Amino acid sequence: MNEIPRGTLQEQTFYEQVGGEETFRRLVHLFYQGVADDPLLRPMYPEEDLGPAEERLTLFLIQYWGGPRTYSDNRGHPRLRMRHAPFAVDRAAHDAWLKHMRAAVDGLGLAPEHERQLWDYLVYAAASMVNTAE
Ligand code: HEM
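Because the structure is predicted, anything quoted here is derived from the model rather than measured.

Basis of the calculations
Residues numbered from 1 in each chain as written. Predicted model: local features only at pLDDT ≥ 70, side-chain atom pairs only at ≥ 80, totals over all residues. Helix = DSSP H or I, 4+ residues; strand = E, 2+ residues; numbered from the N terminus. Buried ≥ 20, exposed ≤ 12 C-beta atoms within 10 Å, placed from the backbone. Contact = placed C-beta atoms within 7 Å. Core = buried A, V, L, I, M, F, W, Y, C linked by C-beta atoms within 7 Å. Expected span 1.5 Å × (residues − 1). Arc of directions from axis to C-beta. Near = placed C-beta within 6 Å. Nonpolar A, V, L, I, M, F, W, Y, C, P; charged D, E, K, R; others polar.

Trainee: How should I be thinking about the overall build of the protein in this particular structure?
Mentor: Within the protein, the regular secondary structure consists of eight helices and zero strands. Along the protein, helices and strands appear, N-terminal first, in the series α-α-α-α-α-α-α-α. Overall, the protein is about 60 × 30 × 30 Å in size when its C-alpha atoms are taken along their principal axes. Expressed as a percentage of its 134 residues, the buried residues of the protein come to 14%. When contacts within the protein are restricted to residue pairs at least 6 apart in sequence, those whose partners lie at least 24 apart make up 73%.

Trainee: When you look at the nonpolar core in this model, what are you seeing that I'm missing?
Mentor: Across soluble globular proteins, nonpolar side chains show a tendency to be buried alongside one another. L27, V28 and F31 are the most contacted members of the largest nonpolar core, which has 16 residues in total. Counting residues per element, the ones that place at least two in this core are α3 (21-36), α4 (51-64) and α7 (91-108). Of all the elements, α3 adds the most residues to this core, at six residues. Once residues lying within four places of it in the same chain are set aside, the contact partners of L27 are A104, V105 and L108.

Trainee: Would you take a moment to explain α7 for this structure?
Mentor: Two residues of an α-helix separated by three or four positions point the same way, owing to the 3.6 residues in each turn. Here α7 is 18 residues long and its end C-alpha atoms lie 26 Å apart, about the 26 Å a rise of 1.5 Å per residue gives. Three or more residues of α7 are buried, namely A93, W97, M101, A104 and V105. Seen along its axis, α7 keeps its buried residues to an arc of 100°; they face one direction. Relative to its buried face, α7 has exposed residues pointing more than 90 degrees away, namely R91, D95 and D106. Tucked into the core, α7 has its buried residues touching α3 and α8 (112-129). Backbone geometry just after α7 places G109 at a positive phi near 65°.

Trainee: Sorry if this is basic, but what is going on with the site of the ligand here?
Mentor: Lining the immediate environment of the ligand, one finds 21 residues, of which A53, R56, F60, W97 and A125 sit closest. If you list the elements that add at least two residues to the shell around the ligand, you get α4, α6 (80-84), α7 and α8. The biggest single contributor to the shell around the ligand is α4, with four residues. Taken together, the residues of the shell around the ligand sort by class into 15 nonpolar, two polar and four charged.

Trainee: Explain the environment of G67 to me, please; I cannot follow it from the model alone.
Mentor: Note that G67 resides in the loop between α4 and α5 (70-75). For the pair G67 and F14, spaced 53 residues apart in the sequence, the C-alpha separation amounts to 8.5 Å. Not counting the four nearest positions on each side in its chain, G67 is found in contact with T13, Y15, G20, E21 and I62.

Put into structure tokens, the structure is as follows:
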């Protein structure tokens, strides 16, 4: 009978625990379905096709949670605040972004502890991206 090697479960990254690449692809795909119909957020995206933006956010989150480092191989250091500087991320944009993320997270059906960890990070990260006075 095969044994589970000692330590394997504890050493799994969050990325692995929640289902790996497929989970993050689903999350960001659901999120961009919301963005595509959002009158405030959609015009902020410089490209006609949201596909490449979807890919960048997916790869970033995969890397952040312990998966492959493809994001940085392609894009270098994330420097996310700097990369958002061209866009007016005000309170309304922040709220809209989180609204679509909330719906996307809900769509994953994660275990409550994983869901809380992911959501707490997204709330914190969104607050740190606001770059306007109000
Ligand atoms: C708070 C509201 C936010 C707004 C309105 C916003 C908006 C945008 C826009 C318009 C882009 C450019 C699309 C593109 O060409 O990639 C972008 C890029 C990106 N955003 Fe956000 N964003 C927000 C928060 C966040 C947060 C919280 C994260 C991380 C958890 C994030 C991660 C990224 C990444 C990884 C990119 C691509 C960076 C690159 O490699 O060029 N964003 N965002």
